[in-house]
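Reading the structure
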Amino acid sequence: ERKQVIVITPTYNRALQAYFLNRLGQVLRLVQPPLLWIVVEMTSASAETAEILRKTGVMYRHLVCVNKNNTSVKDRGVHQRNAGLEHIERHRLDGIVYFADDDNVYSLELFESLRNISRFGTWPVAMLAQSKNKAILEGPVCNASQVIGWHTNEKSKRLRRFHVDMSGFAFNSTILWDPKRWNRPFSNPIRQLDTVKEGFQETTFIEQVVEDESQMESVPPSCSRILNWHLHLDAHGLVYPRGWLLQKNLEVV
Ligand code: UDP
């Protein structure tokens, strides 16, 4: 029996949103059998996002995250991802959960590989920073299907237990409500993504889900390929052709 794949994407209105969501939506649309795309916005569901989602042909749920604590926008989607997790928990959606930010680039192979994960899977992600003009890897070093170490880089020199990017791991949703099944006595419900320490969100979450590397599955076995790319594209200072309009998304009028 093949597992369902559940993708959580935080998003917000900005110049390149239409470009990002269309690009992601078009990969998701190719995945067979169809997956479920949970798209979460802050405060209210925008007409711009709704319109794009309707056209993608992907099975989606468009959620809104109400920021009760009124914390800063600097949390970069953390509350939205948590809202996605809460939705999965509340409706007991069974499947492999994956956090896919809207601005990254994903291969079809990645989404197909997710179905092979039984509990927790991780893989190396290539990070491309436009400003620094270089590419680095973040994620596991593997020997066959075993995770034996981590690619580290300047961003991760601080003491993170697991050097994993937000878009470099996926897990079985049953972890969210059935701790015993994973043979580990962590508190239930598990703490969600960390909202405080920037850069520690992934590792804080993962530390609650697995004990160590021996409980991780490499995707694909031996981590032999790059399946997605984390981009840092800056849309500030773009120059638009005459007649192009920038209100919430970039559009031609
Ligand atoms: N995001 C969001 N609201 C924000 C900032 C970010 O919904 O105020 C989303 C964004 O659309 C993306 C994800 O959070 O899907 C990661 O954001 P960003 O690319 O800024 O983080 P980075 O890639 O730089 O870590």
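Our structure is the block above this text.
Presented here is a report on the structure given in the accompanying data block. (Residues numbered from 1 in each chain as written. Predicted model: local features only at pLDDT ≥ 70, side-chain atom pairs only at ≥ 80, totals over all residues. Heavy atoms only, no water.)

Okay, the pattern of salt bridges next. A full pass over the atoms with the stated rule returns 7 salt bridges. Where E138 meets R160, a salt bridge forms, and the shortest distance between an N and an O atom there is 2.6 Å. Here E138 is found in strand β8 (residues 134-143), whereas its partner R160 is found in the loop between β9 (146-151) and β10 (169-172), with 22 residues between them in sequence. R160 carries the same exposure label as E138, and that label is buried. Three or more residues joined by partner-sharing salt bridges are found here, namely E51, R54 and K55. (Salt bridge = Lys/Arg side-chain N within 4 Å of Asp/Glu carboxyl O. Helix = DSSP H or I, 4+ residues; strand = E, 2+ residues; numbered from the N terminus. Buried < 20%, exposed > 50% of the residue type's maximum accessible area, 1.4 Å probe, protein only.)

What follows covers the side chain of R160. Judged by relative accessible area, R160 falls into the buried class, the value being 6%. Side-chain polar atoms of R160 contact the side chain of E138, separated by 2.6 Å. Contact partners of R160, with chain neighbours within four places excluded, come to E138, G199, F200, E202 and T203. (Polar contact = N/O pair within 3.5 Å; in protein donor to acceptor, adjacent residues only side chain to side chain. Contact = heavy atoms within 4.5 Å.)

What follows covers the site of the ligand. Close contacts around the ligand come from 13 residues, with P10, Q80, D102, D103 and H230 the closest. The separation between an oxygen atom of the ligand and a polar side-chain atom of D103 is 2.6 Å. Side-chain polar atom of H232 to an oxygen atom of the ligand: 3.4 Å apart, as the coordinates give it. Coverage of the ligand by the protein chains reaches 85% of its 510 Å² of free accessible surface. For the shell around the ligand, the elements supplying multiple residues, two or more each, are α3 (78-90) and β12 (228-232). Considered class by class, the residues forming the shell around the ligand number 3 nonpolar, 4 polar and 6 charged. (Near = heavy atom within 4 Å. Areas by Shrake-Rupley, 256 points an atom, 1.4 Å probe, with all protein chains shown as cover. Nonpolar A, V, L, I, M, F, W, Y, C, P; charged D, E, K, R; others polar.)

The strands making up a sheet associate through backbone hydrogen bonding, with each pair oriented either parallel or antiparallel. Spatial strand order, β5-β12-β7-β8-β9: 5 strands in an open sheet with mixed pairing. Either end of the sheet is taken by a strand with one partner, and the two such strands are β5 (105-106) and β9. Taken together, the 5 bridges between strand β7 (residues 125-129) and β8 define a ladder with antiparallel strand orientation. Looking at β8, one finds that A126 is bridged to L137. (Pairing = 2+ DSSP bridges.)

Moving on, we get to the pairing of β7. Note that β7 and β12 share 4 bridges and pair parallel. By the bridge assignment for β12, L128 is matched with L231.

The next point concerns the state of the cysteines. Applying the stated criterion across every chain, the model contains 1 disulfide. Here C142 pairs with C223 through a disulfide, and the sulfurs are 2.0 Å apart. Of the two residues, C142 sits in strand β8 while C223 sits in the loop between β11 (217-218) and β12, which places them 81 residues apart along the sequence. For the pair formed by C142 and C223, the shared burial category is buried. (Disulfide = S-S within 2.5 Å.)

What follows covers helix α1 (residues 17-30). When the terminal C-alpha atoms of α1 are compared, their 20 Å separation across 14 residues agrees well with the 20 Å that a helix rising 1.5 Å per residue should span. Along α1, the positions that sit buried rather than exposed are Q17, A18, F20, L21, L24, G25, V27 and L28. Those residues of α1 that are buried are in contact with β1 (5-10), β2 (36-42), α2 (47-56), β5 and α4 (108-114). (Expected span 1.5 Å × (residues − 1).)

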